[in-house]
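Observations on chain architecture
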Amino acid sequence: LEIMKLMKIKEMTIDDYEEAYSLWAGIEGMGLRSLDDSREGIERFLERNSHTCFVCRNRGASPGRGVLAGAILCGHDGRRGYIYHAAVHDDYRRRGIGRDLVNQVISALKKEGIKKVGLVVFSHNERGNAFWESLGFDRRDDLYYRDLSLDVKNI
Ligand SMILES: CC(C)(COP(=O)(O)OP(=O)(O)OC[C@H]1O[C@@H](n2cnc3c(N)ncnc32)[C@H](O)[C@@H]1OP(=O)(O)O)[C@@H](O)C(=O)NCCC(=O)NCCS
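Residues numbered from 1 in each chain as written. Predicted model: local features only at pLDDT ≥ 70, side-chain atom pairs only at ≥ 80, totals over all residues. Heavy atoms only, no water.

**What about the overall build of the protein?**
- When you go through the protein residue by residue, the secondary structure sums to five helices and five strands.
- In the protein, the succession of α and β elements from N to C terminus is α-β-α-α-β-β-β-α-β-α.
- The C-alpha atoms of the protein give a radius of gyration of 16 Å, which matches the 15 Å a tight globule of 155 residues would have.
- C-alpha extents for the protein along the principal axes are approximately 50 × 35 × 35 Å.
- Put simply, the protein has 155 residues, and 34% of those count as buried. (Helix = DSSP H or I, 4+ residues; strand = E, 2+ residues; numbered from the N terminus. Rg over C-alpha atoms; globule rule 2.2 N^0.38 Å. Buried < 20%, exposed > 50% of the residue type's maximum accessible area, 1.4 Å probe, protein only.)

**Description of the site of the ligand**
- Near the ligand, the surroundings consist of 18 residues, among which Val88, Arg94, Gly96, Gly98 and Asn125 are the closest.
- Taking Val88, its main chain carries an N or O atom lying 2.8 Å from an oxygen atom of the ligand.
- At 3.0 Å from an oxygen atom of the ligand is found a side-chain nitrogen or oxygen belonging to Ser134.
- Contact with the protein chains hides 79% of the accessible area of the ligand, taken as 910 Å² for the molecule alone.
- In terms of residue count, helix 5 (residues 126–134) provides more of the shell around the ligand than any other element does, five residues in total.
- Residues belonging to the shell around the ligand are distributed by class as follows: nine nonpolar, four polar and five charged. (Near = heavy atom within 4 Å. Polar contact = N/O pair within 3.5 Å; in protein donor to acceptor, adjacent residues only side chain to side chain. Areas by Shrake-Rupley, 256 points an atom, 1.4 Å probe, with all protein chains shown as cover. Nonpolar A, V, L, I, M, F, W, Y, C, P; charged D, E, K, R; others polar.)

**As for the pattern of salt bridges**
- One pass over the full model with this rule turns up nine salt bridges.
- Between Asp16 and Arg57 there is a salt bridge, and its shortest N-O distance comes to 2.8 Å. Placement of Asp16 in the loop between strand 1 (7–11) and helix 2 (17–25) and of Arg57 in strand 2 (residues 54–58) is noted, with a sequence separation of 41 residues between them.
- Here Arg33 and Asp36 are joined by a salt bridge, their closest N and O atoms 2.9 Å apart.
- For Arg33, a relative accessible area of 48% puts it in the partly exposed group.
- Assessed through its relative accessible area of 44%, Asp36 is described here as partly exposed.
- One connected set of salt bridges, linked through shared partners, spans Asp16, Glu19, Arg57 and Arg65. (Salt bridge = Lys/Arg side-chain N within 4 Å of Asp/Glu carboxyl O.)

**So, the packing of aromatic side chains**
- What the rule picks out here adds up to four aromatic pairs.
- With centroids separated by 4.9 Å and ring planes inclined at 65°, the aromatic side chains of Phe131 and Trp132 adopt a geometry described as edge-to-face.
- You can call Trp132 buried: its relative accessible area is 8%.
- Ring pairing ties together the aromatic residues Phe131, Trp132 and Phe137, which thus form one cluster. (Phe/Tyr/Trp six-rings, centres within 6.5 Å; stacked < 30°, edge-to-face > 60°.)

**Overview of the sheet that holds strand 3 (residues 67–76)**
- Pairing is mixed across the open sheet formed by five strands, whose spatial order is 1-2-3-4-5. Whereas interior strands pair on both sides, the edge strands pair on one side only; in this sheet they are strand 1 and strand 5 (117–119). With direction set aside, neighbouring strand axes in the sheet form an average angle of 25°.
- Alignment of strand 3 against strand 4 (residues 81–88), held across six bridges, turns out to be antiparallel. (Pairing = 2+ DSSP bridges. Axes fitted to C-alpha atoms, helices over the stretch in contact; angles between N-to-C directions.)

**A look at the environment of Asp16**
- For Asp16, a relative accessible area of 4% translates into the label buried.
- Placed 52 residues apart in sequence, Asp16 and Leu68 show a C-alpha to C-alpha distance of 8.1 Å.
- For Asp16, the residues in contact, after removing those within four places along its chain, are Glu11, Val55, Arg57, Arg65 and Leu68. (Contact = heavy atoms within 4.5 Å.)

In structure tokens:
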């Protein structure tokens, strides 16, 4: 409980990139994409979505801005919000940080007039699915997720 008082959630900036990347890279099955998740890729995402991406830092853990304990990306296209890369460091799980990060995203989206938010999660990610289920995110069994890569091979 004491440690939670030292946890601070702030909008993510590009200065958080290195720590966020190493958090994501340390999570099996995170599905990092070299271009999208490069510094330039994340910078571009943050420029377009500057109020809907957050980090949580433990300010008790080290001098200065503290250790990055969790991060979440969310962007919207004027119609729907999409969450990516929701992650909390192993040492800080099951303390409500993931839930707090999602709640920040939800209130930020509401401020921007967005009424629905979605995400993609691997079906075999039991922990991830238990997390989204507990936050009320419905599982859609009536849809296929489809996509098309627009990289050089396909154009
Ligand atoms: C999923 C993840 C972000 C959850 O972060 P967290 O800070 O531990 O989550 P919270 O403490 O806010 O959990 C909120 C609720 O989610 C559910 N939940 C979270 N982790 C769970 C687990 N391992 N097993 C079962 N339920 C879980 C619980 O209902 C929990 O409430 P409770 O602790 O009061 O029971 C974290 O486990 C993680 O980074 N996992 C790896 C990355 C990932 O899979 N991301 C999501 C897919 S996009």
